[in-house]
Structure formats: C-alpha cells, structure tokens
Amino acid sequence: MEDNKINMLGEKELLRDLQNGDKIVFKQLFNSYQQLVYNVCYHMSNSREEAEDITQDVFIKVLHAIASFKGEAKLSTWIYRIAVNTCLKNESRKKLNQLVSLDFLLKEEQSLHLIFDPETPDQKLEKSETEQIVRYAIQKLSARQKTAVVLHRYENLSYKEIARVIGISVPAVESLLHRAKENLAEKLKKILR
Amino acid sequence: MKHKTVRRKLLRYLDNELEQDELKSVRLHLSSCPECNNYLKQLEKIWLTGQHLSQVEVPPFLWTRLSVRLESETEVPVTNQFYAAMKLFMKKALIPTAIVITIFSGILFGSEMHKDNLKGNRETTIMQDFGFNYFSLTPPGYVGENLVDFNATK
C-alpha cells in the first residue's frame, strides 16, 4: 500500500515533500524501506537489538541528509549506502569499545556455544543453526567483503547495484566477492572440520 | 588440483560463478575425491538453506520508537540571530584559541624555567672556576682544623 503510494507519488515528488519536512511522507518512506534497512542492519551486525538501533540511526540520517540528496542515484541505493556506512561505523565503534573491555570474550564464547550446541533435534532449529554458522563466518570477513556478501547473498543485489552502494567499479565488486567467497570457504572449512 | 585449492573454489562453484577451465578442473577433482565431495555436500547444505532465511521480521513499534527519538533529538530553534552567530563563533573560535593559549603559556613557562636554570648554572660555574666554594664558612675538613686542636692542647 505504502509502496504504491510512493510509486504513485514518484521519487521526485516524494523527495520534494521530504525536503519540505513533510512528516507523513517520511512515515511512508519509513514504511517502504524499513524492511530493507532492518535486513541489511541485521545481516551486517548479526544482532536484532543492534539492528533495531542502527535502523533508527539510519532513518534519522536519511531525514537529516535528504536535503543533500540530488537524485543522481536511486533512492534505495542511497538508503542502502547510508545503512551500510552506519553499520560499518557502528562496528568500528564496537571494536574500539571491545579494546577497553573484555566483554567480547564472553560474547565470543556464547556465539561459539550457539553454533556447536549439539542438542537441536528440530529441523527448523537445525536450519537456523546452519545459517548461524554462515552468519558467524560472514561476520569474520573484512568490512568490505562482508558488505559485498551481505548485499549479494541476502539482498540479492546485482553486481552493478553493489558497485553503486559501495562506490567501486563492477569488476572491483567481482573480485571483492571472489575473494570474499574464497575466504568464507576457508573459514567454513575450519568450522565444518 | 589440491584439496585446499578446490575447497576454496566450492562456494563459487555452488553459485555457478566459476570460469569454464576452473569448473572443469573442480569437477574432475570432485569425481575422484570422496572427501571433497563430502565437504561439498556439507557446504551446500549450510550455504543454500540460509538463502531462504534472508528476510528478517522487523520488530513491532519501530516507528513509535523512532518518532520518540526524533522528538527528543529535535533541537530548540534559535530565534535570535545574534545569539546563533555568537554560538557559531564560539564553536569555531573557542577550540583554536584554547590551543593557542595553551601553547603560548607552555612556551612562556618553559622559557622562564630555562632562564632560572641558566642563572643557577652560571653562578655555580663561577664559584667553581674561582674556587669560591672552598672559602665557604663551614668547609668540610678545612686546613686550620689541626691548628685549632694544637692550640687547645697547648
């Protein structure tokens, strides 16, 4: 319904209304893109609580930066870019905090326990468990490789779209994903052994 | 092809992203290696099942929480233009001014300390050069010590 409204309005009109500070249009934008943003944030952070906070941050940034959006890229690409950048910033802040506290040792232990928990007879649980293994391995990739894998695997973005979001060329995305998948295979090999 | 090389290529194999020659060599290796075949099955299971679980349910009341945050983060509008200009000036000028003051006070303090040190050093070197320190009122073990003792016994 909201998507239709946005389609009917057209991106240009939507932008004009947003830049004029129309709160109703902002809510429509939120309804249309909340799933996309939350998905990216969840797959980048691997935590529901963090994803919720980052999603809020992303929409606040969108609201503040909408005036500077010139419409050169698609609105969704622009929002993807803000989401990815916010996630990466959050991650680096988290790493910095981990340097001064030892909480990460506990979290690491918990996540490993979650992965190797042998008592999961239910098939659904098993599925989520195997997925958790992949997510855990993805989290261990470098920031750029992780971003490319998340956008490719979970968001089904084309190489061209990923290139626009990250701000690199299409061949660079190809080689980034190539290296990411080789590294991922290597990490999964260690876990599956 | 080595096991390690093949296993690194298996995710791209599952996503049909291998070049023709790579694909041929991987298939050739898989046809003769039960270990790598078994590994491929495991990998396929975890890699392909996850793709269907990509959509995550958005938590309820996300909009409510966001609007509360937006309301709390909205700054009070500054009506007085002079006040706004002053605020901007303070923001831009305060930090550099503080840095400059700190540097200058450090230089001044340092130069004063240096002057004191020079003065003290100069005095001690003059004293040493002319042997004045031997003529202090209470020199340790001065020359006439024995004479005093001699006089006392006499």
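Quick note: structure is the one above.
For clarity, every value in this text was computed on a predicted model and none was experimentally measured.

Visitor: Can you break down the overall build of chain A residue by residue, with the values?
Guide: The number of helices and strands found in chain A is 10 helices and 0 strands. Reading the secondary structure of chain A in the N-to-C direction produces α-α-α-α-α-α-α-α-α-α. Here chain A holds 193 residues, and the buried ones make up 31% of them. Put simply, of all contacts in chain A between residues at least 6 apart along the chain, 61% involve residues at least 24 apart.

Visitor: Outline the packing of helix α2 (residues 11-19) of chain A against helix α3 (residues 23-45) of chain A, supporting the account with residue identities and numerical values.
Guide: When two helices pack together, their arrangement is given by the angle between the helix axes and by the axis-to-axis distance. All names here are of chain A. Relative orientation of the contacting elements α2 and α3 amounts to 125°, with a least axis distance of 8 Å. Judged by the inter-axis angle, α2 sits oblique to α3. Crossing angle aside, the handedness with which α2 passes α3 is left-handed. Touching L14, D17 and L18 of α2 are V25, F26 and L29, all from α3. Split by residue class, the contact of α2 with α3 holds 5 nonpolar, no polar and 1 charged.

Visitor: How would you summarise the interface of chain A and chain B if you had to cite specific residues and measurements?
Guide: Accessible area lost upon the coming together of the parts serves often as the stated size of an interface. Each partner contributes residues to the interface: chain A has 30 residues there, and chain B has 27 residues. Looking at the side of chain A that touches chain B, the elements that each hand over two or more residues are α3, α4 (48-65), α7 (123-139) and α10 (170-192) of chain A. The residue inventory of the side of chain A that touches chain B, partitioned by class, reads 12 nonpolar, 8 polar and 10 charged.

The rules behind the values
Residues numbered from 1 in each chain as written. Chains lettered and ligands numbered in written order. Predicted model: local features only at pLDDT ≥ 70, side-chain atom pairs only at ≥ 80, totals over all residues. Helix = DSSP H or I, 4+ residues; strand = E, 2+ residues; numbered from the N terminus. Buried ≥ 20, exposed ≤ 12 C-beta atoms within 10 Å, placed from the backbone. Contact = placed C-beta atoms within 7 Å. Axes fitted to C-alpha atoms, helices over the stretch in contact; angles between N-to-C directions. Parallel < 35°, antiparallel > 145°, perpendicular 65-115°, else oblique. Left-handed = near helix turned anticlockwise from the far one by under 90°. Nonpolar A, V, L, I, M, F, W, Y, C, P; charged D, E, K, R; others polar.

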